[in-house]
Amino acid sequence: FWNNFKDYCKATGTGLSLRKARPQLWYSMAIGRSKFSLNVVASAMHKRVGCEIYMRGVNAKQAFKLLEQDKASIEAEAGALEWQELPDGQDCRIARYKPDFDLNEKSGWQEGFKWLKKEAELFHKVFSSRIKALPIVDEEEEEEKVSG
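Criteria and cut-off values
Residues numbered from 1 in each chain as written. Predicted model: local features only at pLDDT ≥ 70, side-chain atom pairs only at ≥ 80, totals over all residues. Heavy atoms only, no water. Core = buried A, V, L, I, M, F, W, Y, C linked by side-chain atoms within 4.5 Å. Buried < 20%, exposed > 50% of the residue type's maximum accessible area, 1.4 Å probe, protein only. Helix = DSSP H or I, 4+ residues; strand = E, 2+ residues; numbered from the N terminus. Contact = heavy atoms within 4.5 Å. Salt bridge = Lys/Arg side-chain N within 4 Å of Asp/Glu carboxyl O.

Participant: It is not clear to me how the nonpolar core should be interpreted in this structure. Could you clarify?
Facilitator: Most often, soluble globular proteins have nonpolar side chains that are buried together. Core analysis: the biggest nonpolar cluster contains 40 residues, and Leu-38, Val-40, Ile-53, Met-55, Ile-94 and Phe-127 have the highest contact counts within it. For this core, the secondary-structure elements that each account for two or more residues are helix 1 (2-12), strand 1 (26-30), strand 2 (36-43), strand 3 (48-55), helix 2 (60-68), helix 3 (71-78), strand 5 (92-99) and helix 4 (109-132). In contact with Val-40, other than residues within four places in its own chain, are Trp-2, Phe-5, Leu-25, Trp-26, Tyr-27, Met-29, Gly-50, Cys-51, Leu-116 and Ala-120.

Participant: When you look at the pattern of salt bridges in this model, what are you seeing that I'm missing?
Facilitator: Any two side chains of opposite charge can pair, on the condition that their charged atoms come close. One pass over the structure, following the stated rule, counts 8 salt bridges. The salt bridge involving Lys-65 is made with Glu-85; its shortest N-O contact spans 2.8 Å. Placement of the pair is Lys-65 in helix 2 and Glu-85 in the loop between strand 4 (82-84) and strand 5, with a sequence separation of 20 residues. Judged by relative accessible area, which is 28%, Glu-85 ranks as partly exposed. Ionic pairing is found between Lys-98 and Glu-111, a salt bridge with its closest N-O pair at 3.3 Å. Of this pair, Lys-98 sits in strand 5 while Glu-111 sits in helix 4, and the two are 13 residues apart along the sequence.

Right under this line is the structure:
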């Protein structure tokens, strides 16, 4: 599925950073900062596809809260989103899903690819500069301070 999505993006043209596709539920792309990724997801079990900004690491909750402070402005550009702080772990995500997508029905893949590409490009436009500008210390810098 992800190899076909990647081929679709190349054929239709995109500024997205396309990586090697792996056999998993998500396909991850760079968003401009470590510990943050722009993911497209496909779930046969939930019968949906989605697009998300995924934040991981020790500063994920802080980054999530900072982005959430700009929620009105973000949603004015991107539309309504699901803000998932994921309280059981340190990771967080901001997502939108397209329901009623049957991953096993190949005839619907093109429509899914079109939606995923459009959402991923929108998420990149809305979030990339905001993520790069977040006033948080990247974990690599923190580790250098501790070990240095």
